[in-house]
Amino acid sequence: MKPKIYITRKLPDLVVEKMREVCEVKMWDKEEEPVPREILEKEIQDVEGLYCLLTERIDQPLLNLGTRLKIVSNMAVGYNNIDVAAATEKGIKVTNTPGVLTETTADLTFALLMATARRLVESSDYLRAGKWQTWSPMQLTGQDIYGATLGIFGLGRIGEAVVKRARGFDMKIYYHNRSRKLNAEEELGIEYVDKNRLLRESDFVCVLTPYTTETRNYIGAAELSLMKPTAVLINTARGGIVDEEALYQALKNGELWGAGLDVYEEEPVRTDHPLLSLPNVVALPHIGSASKNTRLKMALLAAENLLDGLRGEIPKNLVN
Ligand code: DGY
């Protein structure tokens, strides 16, 4: 008998077919709408494998319903949406999709840094709104990227890939991480500094740490107050790592020059969120890994992990 699986969002046919060859597949067949919780609660009771996205909260009460569940495969590198400890206790494997999205997410991180520094969105809106009457010396001036100092919180795969891009702009690069990475320091010519020095001396701060209980509000009012008033904060990791209220106050009061955000504490972010009212915020809808190739690779890797787990093998990207 084929194992049963549930997929929480409509995936490309190619990916679904791969799983259908060996599994009995049920899928929430909508692309732009997450599966309602009550449906997920019902479906999880019947399956051995769950293929989910970061939009689903896979918490203990849900896992308790999955009495036959062997594996939860998340189509994302971050897995803060899953209660991994609860899954582990129940002997349920949890997997993610690292590696395949590294370069694409680093591209977006650097693009967001550039867009924020040089006010690309604001400038485009200015032109389209018919406000461009003349060229003028200080009109829509931003911050220089070339030769500036970049500070990176979280030197994982994506952090290192951002460093490579920044080197092309002759940036001085600091990083802060749970552990020092001596090889990376030597290979990439970067310097490990403590958290406060990174905040004080960087022109650009990129947040790239995983979201855990320790990194919740890792950047709050105290941290923001250390940053230069000309500095830019970029967050392409998870919303909860930066305290949004503190960020709003810092940006509004001119303690911080700008912010580029791809992630929010609550997603989708409300369009009346105070941060979205500020012209010095570039806001994107969580598109870090959103290239066609990369999303397909993530979807396929999540399928591979799921199938390995169902076969009783150790999946390539087991997190517990
Ligand atoms: C992830 O994978 O965790 C990203 O946030 C979405 O690609």
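Note that this is a predicted model, so its numbers are computed, not measured.

Draft legend 1. Expanded view of the sheet that holds strand β8 (residues 191-192). Pairing within the open sheet is parallel, and its seven strands lie in the order β8-β7-β6-β9-β10-β11-β12. Strand pairing shows two members of the sheet lacking a second neighbour, β8 and β12 (281-283), which therefore form its edges. Sheet topology note: the strand β6 (residues 149-153)/strand β7 (residues 172-176) ladder contains five bridges and is parallel. Opposite I152, over in β7, you have Y175 as the bridge partner. Where helix α7 (residues 157-167) meets the sheet, it contacts β6, β7 and β9 (204-207), and its direction lies at approximately 175 degrees from that of β6.

Draft legend 2. Quick peek at the nonpolar core. Core analysis: the biggest nonpolar cluster contains 50 residues, and I152, C206 and V207 have the highest contact counts within it. A per-element tally of this core places helix α5 (residues 102-117) first, with seven residues. In this structure, I152 is in contact with G159, V162, V163, I173, Y175, C206 and L208, ignoring residues within four places of it in sequence. Membership of the second largest hydrophobic core comes to 41 residues, among which are L54, L62, M75 and Y79.

Draft legend 3. Examining the site of the ligand more closely. Residues in contact with the ligand, as listed here, are L54, A76, V77, G78, L101, G288 and S289. In the shell around the ligand, the residues fall into four nonpolar, three polar and no charged.

Draft legend 4. Local environment of the sheet that holds strand β5 (residues 93-95). Spatially, the five strands line up as an open sheet ordered β2-β1-β3-β4-β5, and their pairing is parallel. At either margin of the open sheet sits one strand with a lone partner, and together these are β2 (24-27) and β5. Across this sheet, the average inter-strand angle for adjacent strands is 15 degrees, counted without regard to direction. Sheet topology note: the strand β3 (residues 49-52)/strand β4 (residues 71-74) ladder contains four bridges and is parallel. Bridge pairing in β4 places L50 opposite V72. Each of β1 (4-7) and β2 touches helix α1 (residues 13-20); the most contacted strand, β2, lies at about 145 degrees to it.

Draft legend 5. Molecular detail of α7. Within the span of α7, buried status applies to I158, G159, V162, V163 and A166. Seen from one end, α7 has its buried residues packed into an arc of 145 degrees, which puts them on one side. Next to the buried residues of α7 lie α5, β6, β7, α8 (182-188) and β9.

Cut-offs and rules
Residues numbered from 1 in each chain as written. Predicted model: local features only at pLDDT ≥ 70, side-chain atom pairs only at ≥ 80, totals over all residues. Pairing = 2+ DSSP bridges. Helix = DSSP H or I, 4+ residues; strand = E, 2+ residues; numbered from the N terminus. Contact = placed C-beta atoms within 7 Å. Axes fitted to C-alpha atoms, helices over the stretch in contact; angles between N-to-C directions. Core = buried A, V, L, I, M, F, W, Y, C linked by C-beta atoms within 7 Å. Buried ≥ 20, exposed ≤ 12 C-beta atoms within 10 Å, placed from the backbone. Near = placed C-beta within 6 Å. Nonpolar A, V, L, I, M, F, W, Y, C, P; charged D, E, K, R; others polar. Arc of directions from axis to C-beta.

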